[in-house]
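Observations on the three-dimensional arrangement
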Amino acid sequence: MGRAEAFYPIFHQSRFDGLLYVLFNNKLTVIDPQTLEFRTLADTSRFDLGMDGNLYFTDQATNTILYRMKVDGEIVEEPPGIPVSIRNAGLEDTVNNGVIPGWTSLFTTGTDYRFEINGDRSFSGSKSLKIADKLRTASVAVQSDKIPVKPGEEYQAGVNLYIESGQPGFMFRFFGKNNATISTLEIHLDESRLAQWQKVTLKGKAPANAAYASLIAVTSRYNISSAYYDDFFISVKDSVPPISVASINPSPNESGWINKDAAVTIEANHAYSISYSATGAQSINQTTVKGSTIQFPISAEGVSFIRTGYEFVFISTRWATCLYV
């Protein structure tokens, strides 16, 4: 008869912000003990909370790179990057004579080390890529078609992965114009999260002279695995700040007054979210709304100052609402 063992995750509570930081299943997670809101910060196997209040953790792949994350007590969602097109990212295209559209094998395969498009499991749609490798002396690797990249740009690559057993891996590889490999980001999973879909991501800047990149589903030599891959993705960090424009409806009269409530509209091209606040006659705590357009009313009599990013809208009222921009 087997003996059950309890697993106790490692907790640290910051004396600077009061939030809890926990490492569970190689996921560094922050938890607000008051609201129980939580967010995964990074994939890692080790972390510590420094005397300076910042988080220190190693990369999960090699445990040789030390990262520092500034802790300021606010959980801020990182804006998503700009999606990069991947041919047959969801593995739904029809396979012809064993050829998977958009994907090629890096090594020869055999009965005990192979891959296939499979309908048994899928994160979305009806199909996924299954890798089954029973030999520690063989490798199985399936690579996407090459995707153009720009040197110095920050990319995030990922896939949804379901592990039945073993230690499958995932790679994001950069190539030069001559198709020679420049560098590879990689991660190799373990059996800590079996029988569930998990999102696996890699992040890094394209090296100098990089021209292309590809995604690789892999079980490396010395490892074995049975795993499913689905919905691959790549995004590039949006480094161009959005330009915000504020407008007021109705427009003020010739004297600059509006004798009714006003609606303020803020538009920011390709913005993921817009933050705004107001002080003065009408007070609005800083509010963040997802999307590139927001609208809200101003009805308090007096002078109000509305801030969005680095732009201000000045609003004053007489009888009802009067405003200056």
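Residues numbered from 1 in each chain as written. Predicted model: local features only at pLDDT ≥ 70, side-chain atom pairs only at ≥ 80, totals over all residues. Heavy atoms only, no water.

1. Some points on the overall build of the chain
Counting its regular elements, the chain contains zero helices and 27 strands. Taking as baseline every contact in the chain between residues at least 6 positions apart, the subset at least 24 positions apart corresponds to 59%. For the chain, the accessible surface area stands at approximately 18,400 Å², while carbon and sulfur atoms represent 51% of it. (Helix = DSSP H or I, 4+ residues; strand = E, 2+ residues; numbered from the N terminus. Contact = heavy atoms within 4.5 Å. Areas by Shrake-Rupley, 256 points an atom, 1.4 Å probe, with all protein chains shown as cover.)

2. Overview of the pairing of strand S18 (residues 212-219)
Residues in a regular strand point their side chains to alternate faces of the sheet. Counting buried positions over the eight residues of S18 gives seven, a clear majority of the element. The pairing of strand S12 (residues 140-144) with S18 spans four bridges and is antiparallel. The residue bridging Val-142 from the neighbouring strand is Ala-217, located in S18. Here strand S15 (residues 169-175) runs beside S18; their pairing, made up of seven bridges, is antiparallel. Its bridge partner being in S18, Phe-170 is matched across the sheet by Ala-217. (Buried < 20%, exposed > 50% of the residue type's maximum accessible area, 1.4 Å probe, protein only. Pairing = 2+ DSSP bridges.)

3. Brief notes about the pattern of salt bridges
If the charged atoms of two oppositely charged side chains come close together, the side chains can form a pair. For the coordinates displayed, the defined rule picks out three salt bridges. Put simply, Arg-121 and Glu-164 hold a salt bridge, and the shortest N to O gap is 3.5 Å. Of this pair, Arg-121 sits in the loop between strand S10 (113-118) and strand S11 (128-133) while Glu-164 sits in strand S14 (residues 154-166), placing them 43 residues apart in sequence. Taking relative accessible area as the criterion, Arg-121 reaches 29% and is therefore assigned partly exposed. (Salt bridge = Lys/Arg side-chain N within 4 Å of Asp/Glu carboxyl O.)

4. So, the sheet that holds strand S24 (residues 293-298)
Read across the open sheet, the three strands follow the order S20-S21-S24; overall the sheet is antiparallel. Single-partner strands in this sheet number two, and they are strand S20 (244-249) and S24. Mean inter-strand twist for the sheet, computed between neighbouring axes without regard to direction, equals 20°. In terms of strand pairing, S20 meets strand S21 (residues 262-268) through six bridges, oriented antiparallel. Within S21, the residue paired with Val-245 across the bridge is Glu-267. (Axes fitted to C-alpha atoms, helices over the stretch in contact; angles between N-to-C directions.)

5. Structural notes on the sheet that holds strand S6 (residues 55-58)
Working definition: the strands of a sheet are paired by backbone hydrogen bonds and lie parallel or antiparallel to each other. Taken together, the three strands give an open sheet; going across it, the order is S5-S6-S7, and neighbouring strands pair in antiparallel fashion. Strands at the two margins of the open sheet, each flanked by one partner only, are strand S5 (47-49) and strand S7 (66-69). Across the sheet, the axes of successive neighbouring strands diverge by a mean angle of 20°, strand direction being ignored. Taken together, the four bridges between S6 and S7 define a ladder with antiparallel strand orientation. Of the residues in S7, the one forming a bridge with Leu-55 is Met-69.

6. What to know about the side chain of Asn-118
For Asn-118, the position within the fold is in strand S10. One polar contact links Asn-118 to Glu-116, side chain to side chain, over a distance of 2.9 Å. One polar contact links the side chain of Asn-118 to the main-chain amide nitrogen of Asp-120, over a distance of 2.5 Å. Beyond its immediate stretch of four places on either side in the chain, Asn-118 contacts Ser-126, Lys-127, Ser-128, Lys-130 and Tyr-228. (Polar contact = N/O pair within 3.5 Å; in protein donor to acceptor, adjacent residues only side chain to side chain.)

7. Brief notes about the packing of aromatic side chains
This structure, assessed with the given rule, holds nine aromatic pairs. For the pair Phe-123 and Trp-197, a centre-to-centre distance of 5.8 Å together with 70° between the ring planes defines the contact as edge-to-face. One end of the pair, Phe-123, is in the loop between S10 and S11; the other, Trp-197, is in strand S17 (residues 197-205), and 74 residues separate them in sequence. With a relative accessible area of 42%, Phe-123 lands in the partly exposed category. (Phe/Tyr/Trp six-rings, centres within 6.5 Å; stacked < 30°, edge-to-face > 60°.)

8. Comments concerning the pairing of S24
Side chains Ile-294, Phe-296 and Ile-298 project from S24 onto a buried face, and the interleaved Thr-293, Gln-295 and Pro-297 project onto a face without burial. Direction of pairing for S21 relative to S24: antiparallel, over a ladder of six bridges. Its bridge partner lying in S24, Ile-266 is registered against Ile-294.

9. Here we look at unusual backbone geometry
With an omega of 0°, the peptide bond between Asn-249 and Pro-250 qualifies as cis. Residue placement: Pro-250 occurs in the loop between S20 and S21. You will see that Asn-209, though not glycine, has its phi angle at about 75°, which is positive. Within the secondary structure, Asn-209 is located in the loop between S17 and S18. Of the residues examined, Asn-209 reaches a relative accessible area of 64% and is grouped as exposed. Unusually for a residue other than glycine, Tyr-222 sits at a positive phi of about 80°. A relative accessible area of 61% places Tyr-222 in the exposed class.

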